[in-house]
Amino acid sequence: MGNLRDKYCIVGVGETEYSRNSGRTQRALGVEALRAAMGDAGLGPQDVNGMLSYHSNDSVPSPVLAHDLGLRLDFYMDCSGGGSSIEALIGIAMGVIEAGMCHTVAIYRAMNGYTFARIGGTPTAGGRAPVTDVSGPALESVSYGLTSAAQSFHFSFTRHMYEYGTTNEQLAQVKVVHSRHASNNPKALYKQRVTVADVLNSRWIVKPGCHLLDCCVETDNATCIIVTTAERARHLRKRPIYIMSVAGRVSNPFTSHHYQMDPITRHAGYYASRILWRNAGVEPEDIQLTGAYDAFTFTPILMLEGFGFCQPGEGGAYVSSGIIELGGKRPNNTSGGQLCEGYTHGMNLVIENVRQLRHQADDSCPNWEKGEHTYDYSEGGCRQVKDVELAANLGWAMPATTSALVLRR
Amino acid sequence: MAEYKGMNIFVAPNDHEHLGLFKAARQHKLVVQKCADCGRLRGHPGRACPFCTSLNWDWQEVSGKGTIYSYEIVTQATRPAFRDWVPYPVVLVELDEQRQVPWQGGLEGHTVSLRMAGNLVKADNPLEREDEERVAIGQRVKVVFVDLDDELGLVQWALSGEPPEHTPWRAPV
Ligand SMILES: [Zn+2]
């Protein structure tokens with residue numbers, strides 16, 4: 001198979017505000033995000049002829065957004081999916097362009113993740129009704145009150161604590177660091193810096209791995225990322241960000257019943273990393289910025305191990321070492337991620353890395369749009385990673401499924 | 001259709017794999033599927049054998065004894081049905097019958113064990129959850145059954161009173 005390294009680029013990114021009360025439909029949100037990404041790239045309605053989206057029966061289909069903005073499509077597909085979809089869909093966009101089916105693809109996710117369909121499964125006043133019928137594979141989980149993401153992932157989390165001595169203080173470090181990043185992100189839903197004690201004193205959701213502040217923040221938002229060829233990218237508004245490699249979705253064996261297989265703490269990054277680093281031609285040590293999916297404080301730990309940024313069992317020490325913080329060797333989720341900026345099923349983590357690689361992180365530096373930053377990471381200040389050239393996104397759907405992406409300036 | 005904790009437990013008539021498990025549970029028997037070709041047991045109902053792809057299988061009664069391999073304590077229920085049950089334990093039980101089978105000849109160091117998820121409940125009342133302080137990796141458990149209606153039963157787990165398999169471990173929280 002041909003390697004498509006550096007042949008495709010991300011040329012536009014856009015999003016709505018991150019809120020817990022958008023006050024409008026997923027359709028309205030989606031249109032705004034698509035329009036923002038087109039504006040970012042300098043693309044008009046005639047310039048985008050492909051669309052991809054993913055949803056959990058909580059979104060709006062591509063043709064509706066295309067209609068609202070006057071696009072005519074040569075390719076579109078709306079996929080069922082959650083976390084780790086975006087990296088894989090970027091790969092699919094490259095594939096359909098390579099196949100000659102279209103030339104520019106807008107990928108979006110539109111969700112009222114707080115007011116309509118809450119990812120944790122809590123029923124909402126104006127949203128989707130809770131399901132009370134239990135049948136099929138759900139008989140093995142829902143019957144036992146094993147439904148939400150925090151609950152479904154926990155067998156792996158608990159075993160990681162048992163086998164490797166991973167502590168709640170180490171988990172809390174992920175939230176602490178991401179909250180510091182968010183304090184330098186005017187868009188973030190939660191901008192307040194928190195301490196390890198704040199996390200440990202927040203109420204339990206699932207013991208032993210998830211306090212309230214170990215969990216991401218359910219959010220109303222829409223997000224959009226536009227992919228086209230490197231050739232076209234050179235003529236657009238913003239500096240092209242080159243896609244070096246994509247992996248995904250990749251799974252462990254026994255995916256749907258992963259807890260029957262050992263090592264139970266082995267994330268699917270174990271397999272995806274082989275594809276990712278080979279095709280990118282770089283190694284974890286070369287990467288200067290990560291976007292490891294933070295559905296919970298535990299998920300980056302498992303993925304950073306899986307993708308080879310540290311050894312199995314060392315994830316807790318890695319996230320507590322200062323490496324993942326702005327100013328550290330390899331910051332993670334500099335926007336504050338899904339623990340603080342907002343939960344988007346992973347889109348905002350890729351958007352952030354694109355802005356970082358442009359050297360245009362939209363922080364509080366007066367001239368960030370010109371790429372001028374202070375690199376003063378104190379509260380309310382800069383969040384641009386200095387001279388960043390290479391970034392990786394690590395997507396999570398569950399312990400046994402992943403996607404990933406390497407981007408370069 | 002049986003009602004349990006406010007949920008409608010519905011095992012479709014064409015879902016032969018789940019039906020056998022839930023019907024046996026009503027007879028207070030724990031059964032798993034046994035591949036008629038390679039002889040492996042599987043811990044979750046399914047049409048084919050994940051070890052050899054065979055479509056042929058029989059129900060095999062097992063002892064219902066095992067060890068807690070992992071666990072969690074849910075303190076915030078997402079389903080209304082479970083709100084009056086928090087904090088409730090969910091355990092991953094490794095059954096005695098088939099442990100650490102090398103996956104595809106030891107491929108990538110994977111092994112597969114016969115593991116089932118369920119709640120840890122009181123041995124004398126399977127509708128009552130076990131206290132969280134008593135839940136630990138390494139503790140020995142036995143199967144117990146909740147009668148859902150005249151036809152269907154639900155598999156649950158209770159501490160068996162046997163000595164633990166190894167020094168029990170629970171997180172310090
Ligand atoms: Zn077989």
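One can find the structure itself at the top, above this paragraph.
Source: prediction; values computed, not measured.

I tried to follow the coordination of the zinc ion on my own but got confused; where do I start?
Perfect tetrahedral coordination of a metal by four donors corresponds to 109.5 degrees between them, and perfect octahedral coordination by six donors corresponds to 90 or 180 degrees. Residue and element names in this part refer to chain B. Taken together, Cys 35 (SG), Cys 38 (SG), Cys 49 (SG) and Cys 52 (SG) make up the full set of protein donors to the zinc ion, lying 2.2 to 2.4 Å away. If you look at the zinc ion, its four donor atoms make angles of 103 to 119 degrees with each other, and the shape they trace is tetrahedral. Cys 52 sits in the partly exposed class, given a relative accessible area of 29%.

Would you take a moment to explain the packing of aromatic side chains for this structure?
One pair of aromatic rings is described through two measures. These are the centre distance and the angle between the planes. Overall, the coordinates contain 18 aromatic pairs over all chains when judged by the stated rule. Between Phe 51 of chain B and Trp 103 of chain B the ring centres are 5.9 Å apart and the planes differ by 65 degrees, which places this aromatic pair in the edge-to-face class. In this pair, Phe 51 of chain B is assigned in the loop between β4 (41-42) and β5 (57-61) and Trp 103 of chain B in the loop between β8 (101-102) and β9 (111-112), connecting sequence segments 52 residues apart. By way of ring pairs, the aromatic residues Phe 153, Phe 157, Phe 296, Phe 298 and Trp 396 of chain A are connected into one cluster. The side chain of Arg 40 of chain B reaches across the aromatic face of Phe 51 of chain B, ending 5.8 Å from its centre.

Would you mind going over the state of the cysteines with me for this structure?
Two cysteines whose sulfur atoms are joined by a covalent bond form what is called a disulfide. Under the criterion given, the structure shown has zero disulfides over all chains. Free cysteine Cys 79 of chain A: the closest other cysteine sulfur is in Cys 102 of chain A, separated by 13 Å.

What should I look at first to understand the packing of helix α5 (residues 154-164) of chain A against helix α10 (residues 298-306) of chain A in this one?
Residue and element names in this part refer to chain A. α10 packs onto α5 with a crossing angle of 70 degrees between their chain directions and a minimal axis gap of 11 Å. The orientation of α5 relative to α10 falls into the category roughly perpendicular. Considering only the axes of α5 and α10, their crossing is left-handed. Two secondary-structure elements touch here, α5 through Phe 157, His 160 and Met 161 and α10 through Phe 298, Thr 299, Ile 301, Leu 302 and Glu 305. Among the residues forming the contact of α5 with α10, the class breakdown is five nonpolar, two polar and one charged.

What should I look at first to understand the pairing of strand β10 (residues 115-119) of chain B in this one?
Taken residue by residue, a regular strand's side chains alternate between the two faces of the sheet. All names here are of chain B. The element β10 is largely enclosed, with a buried count of five among its five residues. Neither face of β10 is exposed, since Arg 115, Ala 117 and Asn 119 on one face and Met 116 and Gly 118 on the opposite face are all buried. Both strand β7 (residues 88-95) and β10 contribute to a ladder of five bridges, which runs antiparallel. Residue pairing in the sheet places Leu 92 in a bridge with Ala 117 of β10.

Sorry if this is basic, but what is going on with the interface of chain A and chain B here?
Interface size is commonly expressed as the accessible area that is lost once the parts come together. Taken together, the contacts link 49 residues of chain A with 52 residues of chain B. In total, about 4500 Å² of surface goes out of reach between chain A and chain B, with carbon and sulfur atoms giving 55% of it. Looking only at chain A, the three residues that lose the most surface to chain B are Tyr 144, Lys 207 and Gln 260 of chain A, adding up to 17% of its buried area. Our count for the contact surface shared by chain A and chain B stands at three salt bridges. One salt bridge connects Arg 115 of chain B with Asp 262 of chain A, and the closest N-O pair in it is separated by 2.5 Å. Here chain A and chain B share 31 residue pairs in polar contact (both at pLDDT 80 or more) between them. If you list the elements that add at least two residues to the side of chain A that touches chain B, you get β5 (133-134), α4 (149-152), α5, β6 (204-207), β10 (261-262) and α9 (269-280) of chain A. Of all the elements, α5 of chain A adds the most residues to the side of chain A that touches chain B, at seven residues.

Can you help me understand the pairing of strand β4 (residues 104-112) of chain A in this one?
Residue and element names in this part refer to chain A. Most of β4 sits out of view: nine of its nine residues are buried. Burial along β4 is two-sided: the residues Thr 104, Ala 106, Tyr 108, Ala 110 and Asn 112 and Val 105, Ile 107, Arg 109 and Met 111 are all buried. Bridging between strand β2 (residues 50-55) and β4 involves four bridges; their strand directions are parallel. Looking at β4, one finds that Ser 53 is bridged to Tyr 108. Two elements, β4 and strand β8 (residues 220-229), share nine bridges in a ladder whose sense is antiparallel.

I keep staring at the sheet that holds strand β3 (residues 31-35) of chain B and nothing clicks. Help me out?
Backbone hydrogen bonds are what pair the strands of a sheet, in a parallel or an antiparallel way. All names here are of chain B. The antiparallel open sheet is built from three strands, whose spatial order is β4-β3-β5. Either end of the sheet is taken by a strand with one partner, and the two such strands are β4 and β5. Of the pairings in the sheet, the one linking β3 to β4 comprises two bridges and is antiparallel in character. Of the residues in β4, the one forming a bridge with Gln 33 is Arg 42. Set on the sheet, helix α1 (residues 16-26) makes contact with β3 and β5; between it and β5 the angle comes to about 20 degrees.

Please clarify how the pattern of salt bridges should be interpreted in this entry.
Residue and element names in this part refer to chain A. Inspection of the entire model under this criterion finds 34 salt bridges over all chains. The residue Glu 231 makes a salt bridge to Arg 234 at a minimum N-O spacing of 3.4 Å. Glu 231 gets classed as partly exposed once you look at its relative accessible area, which sits at 48%. A salt bridge links Arg 383 to Glu 352; its shortest N-O distance comes to 2.7 Å. In this pair, Arg 383 sits in the loop between α13 (347-357) and β12 (390-398) while Glu 352 sits in helix α13, placing the two residues 31 residues apart along the sequence. Among the residues examined, Glu 352 registers a relative accessible area of 2% and is labelled buried. Connected through shared salt-bridge partners, Glu 15, Lys 187, Glu 341, Glu 352, Arg 355, Asp 362 and Arg 383 make up one network.

Got a minute to help me understand the side chain of Asn 333 of chain A in this structure?
Residue and element names in this part refer to chain A. With respect to the helices and strands, Asn 333 occurs in the loop between α11 (315-319) and α12 (337-340). Residue Asn 333 is classed as buried on the basis of its relative accessible area of 2%. For Asn 333, the residues in contact, after removing those within four places along its chain, are His 178, His 181, Thr 290, Gly 291, Ala 292, Asp 294 and Leu 349.

Please explain helix α1 (residues 26-41) of chain A as it appears in this structure.
Since the α-helix advances by 3.6 residues per turn, residues separated by three or four positions end up pointing in the same direction. All names here are of chain A. The end-to-end C-alpha separation of α1 is 23 Å, in line with the 22 Å expected for 16 residues at 1.5 Å each. Listing the buried residues of α1 in full gives Gln 26, Leu 29, Gly 30, Val 31, Ala 33, Leu 34, Ala 37, Met 38, Asp 40 and Ala 41. Buried residues in α1 make contact with β1 (8-15), β2, α2 (62-68), β4 and β8. The positive-phi residue at the C-terminal boundary of α1 is Gly 42, with phi of around 75 degrees.

Calculation criteria
- For every chain, the first residue of the written sequence is number 1, and numbering continues from 1 along that sequence.
- All chains are assigned letters beginning with A, and all ligands numbers beginning with 1, in the order in which they are written.
- In keeping with the model being predicted, local features are shown solely for residues with a pLDDT of at least 70 and side-chain atom pairs are shown and tallied solely at 80 or more, while totals for entire chains, interfaces and linings include all residues.
- Excluded from the side-chain calculations are hydrogens and water; all other atoms, namely the structure's heavy atoms, are used.
- Note: metal donors comprise N, O and S atoms at 2.8 Å or less from the metal (3.2 Å for Na, K and Ca); water molecules are not included, so apparent gaps in a site are possible.
- The geometry test gives tetrahedral to four donors whose angles all lie between 85 and 135 degrees, gives square planar to four donors and octahedral to six donors whose opposite members are over 155 degrees apart with all other angles between 65 and 115, and gives irregular to the rest.
- Three labels apply to residues, based on accessible area from a 1.4 Å probe with only protein chains included: buried if under 20% of the type maximum, exposed if over 50%, partly exposed otherwise in between.
- Aromatic contacts are taken between Phe, Tyr and Trp rings whose centres are within 6.5 Å, Trp giving its six-membered ring; a plane angle under 30 degrees counts as stacked, one over 60 as edge-to-face, and the others as tilted.
- Secondary structure is summarised from DSSP: a helix means a run of H or I of at least four residues, a strand means a run of E of at least two, and numbering begins at the N terminus for each.
- Any Lys NZ or Arg CZ that is within 6 Å of a ring centre and within 35 degrees of that ring's normal is treated as a charge sitting over the ring.
- The criterion for a disulfide is a pair of cysteine sulfur atoms lying within 2.5 Å.
- An axis is simply a line fitted to the C-alpha atoms; with a helix, the fit covers only the stretch in contact. Between two such axes, the angle follows the N-to-C directions and lies from 0 to 180 degrees.
- Each angle receives one of four descriptions, namely roughly parallel if under 35 degrees, roughly antiparallel if over 145, roughly perpendicular if within 65 to 115, and oblique otherwise.
- Working rule for handedness: look at the near helix, and if it is turned counterclockwise from the far one by less than a right angle, call the crossing left-handed; if clockwise, right-handed.
- Residue contacts are counted whenever heavy atoms from the two residues lie within 4.5 Å of one another.
- In this classification, Asp, Glu, Lys and Arg are treated as charged, Ala, Val, Leu, Ile, Met, Phe, Trp, Tyr, Cys and Pro as nonpolar, and every other residue, Gly included, as polar.
- Pairing between strands is defined by DSSP: at least two bridges between the two strands are required.
- By convention, the term buried area covers the 1.4 Å-probe accessible surface removed from two parts as they join, with the contributions of both added.
- A pair is scored as a salt bridge if a Lys or Arg side-chain nitrogen falls within 4 Å of a carboxyl oxygen belonging to Asp or Glu.
- Counted as a polar contact is a pair of N or O atoms within 3.5 Å, where, for protein atoms, one must be capable of donating a hydrogen and the other of accepting one, and residues adjacent in sequence contribute only when both atoms are in side chains.
- Between the first and last residue of a helix there are one fewer steps than residues, each counted as 1.5 Å, and that sum is the expected span.

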